Amino acid sequence: EDWKFNDLNKIISSKIPNLKFFNSLINKKKDKVEIIKNISKDLLENNYIISSNGIIIDVDLNYEDKNKFEIVREPAFLNTNINSSLNSLNLALYLDYIKLVVKENYKFNKPIIYINYTSSDIESTVINQRFDIVMEKNTCMSILDLNINKSNYNFYNINNKFLLQEGSVLKNYKIDVNDNSNLSYSKTEIDLYKNSISENFILSKGSEFAKNEIECNLKENYSS
């Protein structure tokens, strides 16, 4: 039923007939300076995480108290929906992993700009990405997912898992405005506990095809 009006297999085969699951150019190190040239200076006056071709190349949270958050790069255990082939594909072939844990009673001083950059030499490739967040009790944070696609004819398969414990607030903005011929699927699963709030805003006009799914699980009273 989720894909009742969109035959993804037909869309991919018609747009990217020679789709491959690995591209050796993905591991070619990109210059961070070249990537941030695409970002306004105002945005760079915040925390940021840079992903280049699906690989995390820089994490800069210098505006925050280092004792109040944790960066996890190796997943201990990842759940996936066995009824979703796209989630299973992501779990099997994700390129890199990062989880941000915000410690109890901490409110971020500045937003995080998640710069998702893809270079022009990547083409006809599946790019699987994972980014998870854990908000402990009474925490607050804003994130901007900024997609900068210099590439064409790729398929992005993005999976996020957000956990919001009691009294936490997470604001997530996703921006995809660069015109390109890529196809994109994004699934964000959010578990919300008592008095927690998740705000999501998506501006998706750049990619040839994009489907964004947000699944909110209201676990306890007054979560929204």
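What counts as what
- Residues numbered from 1 in each chain as written.
- Predicted model: local features only at pLDDT ≥ 70, side-chain atom pairs only at ≥ 80, totals over all residues.
- Heavy atoms only, no water.
- Salt bridge = Lys/Arg side-chain N within 4 Å of Asp/Glu carboxyl O.
- Buried < 20%, exposed > 50% of the residue type's maximum accessible area, 1.4 Å probe, protein only.
- Helix = DSSP H or I, 4+ residues; strand = E, 2+ residues; numbered from the N terminus.
- Pairing = 2+ DSSP bridges.
- Axes fitted to C-alpha atoms, helices over the stretch in contact; angles between N-to-C directions.
- Contact = heavy atoms within 4.5 Å.

Asker: How should I be thinking about the pattern of salt bridges in this particular structure?
Answerer: Oppositely charged side chains can pair when the atoms bearing their charge come close. Enumeration according to the criterion identifies 9 salt bridges in this entry. Among the salt bridges present, the one from K37 reaches E34, with a minimum N-O distance of 3.1 Å. For E34, a relative accessible area of 43% puts it in the partly exposed group. Linking D96 and R73 is a salt bridge whose minimum nitrogen-to-oxygen distance equals 2.8 Å. Pair noted here: D96 is in the loop between helix 3 (85-93) and strand 4 (97-102) and R73 is in the loop between strand 3 (69-72) and helix 3, with a separation of 23 residues, a long-range link. Residue D96 is classed as buried on the basis of its relative accessible area of 16%. Judged by its relative accessible area of 32%, R73 is partly exposed. Taken together, the shared-partner salt bridges in this structure form one network comprising K161, E189 and D191.

Asker: Is there a simple way to think about the sheet that holds strand 3 in this case?
Answerer: Adjacent strands of a sheet pair through backbone hydrogen bonds, lying either parallel or antiparallel. Strand order in this open sheet of 6 strands is 3-4-6-8-10-12, and the pairing throughout is mixed. Unpaired on one side and paired on the other, strand 3 and strand 12 (209-218) mark the two borders of the sheet. Strand after strand, the sheet turns through a mean of 10 degrees between neighbouring axes, direction not considered. Two elements, strand 3 and strand 4, share 4 bridges in a ladder whose sense is antiparallel. Across the sheet, V72 pairs through a bridge with K99, a residue of strand 4. Helix 1 (residues 8-15) contacts strand 8 (155-164), strand 10 (183-192) and strand 12 of the sheet and is inclined by roughly 140 degrees relative to strand 10.

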